[in-house]
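Structural features, examined
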Amino acid sequence: MEAAPIVNYQEEFARIEAEVDRGNTDLQRLGFWALVRKVKVEARLAAHWADVVGRIDRQAFQKRVRPTFPVWLGNGVLLVGTGVVAAATAVAVRLAHGPSETGGTVAGALALAAAGGLSVTLHCPAHWLVGRLVGIRFIRYFIGGPLKVTPGIKADYATYLRVDPGARAAMHASGAIASKIAPFAVFAPVYLAHRAAGYELFPEWSLWGILGLGILQILTDVIWSRKKSDWKKVGRERRLARAQAANR
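Reading the values: rules and limits
- Residues numbered from 1 in each chain as written.
- Predicted model: local features only at pLDDT ≥ 70, side-chain atom pairs only at ≥ 80, totals over all residues.
- Heavy atoms only, no water.
- Helix = DSSP H or I, 4+ residues; strand = E, 2+ residues; numbered from the N terminus.
- Buried < 20%, exposed > 50% of the residue type's maximum accessible area, 1.4 Å probe, protein only.
- Contact = heavy atoms within 4.5 Å.
- Salt bridge = Lys/Arg side-chain N within 4 Å of Asp/Glu carboxyl O.
- Core = buried A, V, L, I, M, F, W, Y, C linked by side-chain atoms within 4.5 Å.
- Patch = residues over 30% accessible without salt bridge, like charges linked within 9 Å, V, L, I, M, F, W, Y side chains within 5 Å.
- Areas by Shrake-Rupley, 256 points an atom, 1.4 Å probe, with all protein chains shown as cover.
- Pairing = 2+ DSSP bridges.

Check the secondary structure of the chain and you find 11 helices and three strands. Start at the N end of the chain and walk to the C end: the helices and strands fall as α-α-α-α-α-β-α-α-β-β-α-α-α-α. Dimensions along the principal axes, computed over C-alpha positions, put the chain at roughly 75 × 35 × 30 Å. Here the chain, with 248 residues, has 42% of them falling under the buried criterion. Here the analysis covers contacts within the chain between residues at least 6 apart in sequence; of these, 72% occur between residues at least 24 apart.

Shown next as structure tokens:
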């Protein structure tokens, strides 16, 4: 059996960076991510090449992704959005206590919208908070996601590589967990008010809608996210943690 060829990381990263400088930002086709996967298996290599990997990744991101926004602005907007959602939940309960049936319908729709909104506003700040706690920095917010309408936050890959895979897995998991908790965080005060009023406060469809949204998101994670999104990255980093432990 032939031995695996020795990778000249310096030459390969230099080749890829030159391509990115020329405007080719398809890092997958350039072999960048395959190279990064090899580097990440050994903590020593990951730390050694962190600055180079981070620089190339940032350059490609800046050339490819538009529009982008400062991290402080993205966090600020989403924090305000979280406050608006909390206020909307309180308004929904107040409206539901009103005398008219129309008020109950509006209250139910508002509560359902709040559950969906909170899933969006909590996701990226959760990534940011846990990431910063473990030592990962972030460079920009952008508009991304499966439908290209939800906010995303871009990690600084140099700092990302310098933390251990378990910490990276925790950062990836945090946003997914926050999004899944969000509908139930809205459901709890709505349901408690509904129960206190003899189960006649909110229309049943709104309560089932909030629960359905929470369950749908969990099913989406089970079916889709493990292959395409946050949970896929969690699994990848956990496998890397085991590989690094085996190489010690």
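Under the definition given, this model contains 11 salt bridges. Here Lys 40 makes a salt bridge to Glu 237, at a shortest N to O gap of 2.8 Å. Here Lys 40, found in helix H3 (residues 32-40), pairs with Glu 237, found in helix H11 (residues 230-247); they are 197 residues apart in sequence, far enough to count as distant. There is no split in this pair, since Lys 40 and Glu 237 are both buried.

Okay, the nonpolar core next. Phe 13, Ile 16, Leu 27, Phe 32, Trp 49, Val 53 and Ile 56 are the most contacted members of the largest nonpolar core, which has 32 residues in total. Among the elements that make up this core, the one with the highest residue count is helix H5 (residues 50-64) (five residues). Not counting residues up to four positions away in its chain, the partners in contact with Ile 56 are Phe 13, Ile 16, Glu 17, Val 20, Leu 27 and Phe 32. Grouped together as the second largest cluster of nonpolar side chains are 18 residues, Ala 96, Ala 115, Phe 187 and Ala 193 included.

A few words on a nonpolar patch on the surface. Nonpolar side chains collect at one region of the surface, where Phe 184, Ile 215, Ile 218, Leu 219, Val 222, Ile 223 and Trp 224 lie side by side and expose about 620 Å² of accessible area between them. In terms of residues, the nonpolar patch owes the most to one element, helix H10 (residues 204-228), which gives six residues. Note on placement: Phe 184 falls in helix H9 (residues 165-196). Phe 184 sits in the partly exposed class, given a relative accessible area of 32%.

Below, the discussion takes up the sheet that holds strand E3 (residues 150-155). Spatial strand order, E1-E2-E3: three strands in an open sheet with antiparallel pairing. Each having just a single partner strand, strand E1 (68-69) and E3 make up the two edges of the open sheet. Relative to strand E2 (residues 138-144), E1 is paired through two bridges, and the arrangement is antiparallel. When the bridges of E2 are listed, Phe 69 appears paired with Tyr 141.

So, about the environment of Leu 201. Positionally, Leu 201 belongs in the loop between H9 and H10. The exposure class assigned to Leu 201 is buried, which follows from its relative accessible area of 8%. Residues Leu 201 and Ala 107 lie 94 residues apart in sequence; the distance between their C-alpha atoms is 9.3 Å. Those residues within four positions of Leu 201 in sequence are excluded, and the remaining contacts are Ala 96, His 97, Ala 193 and His 194.

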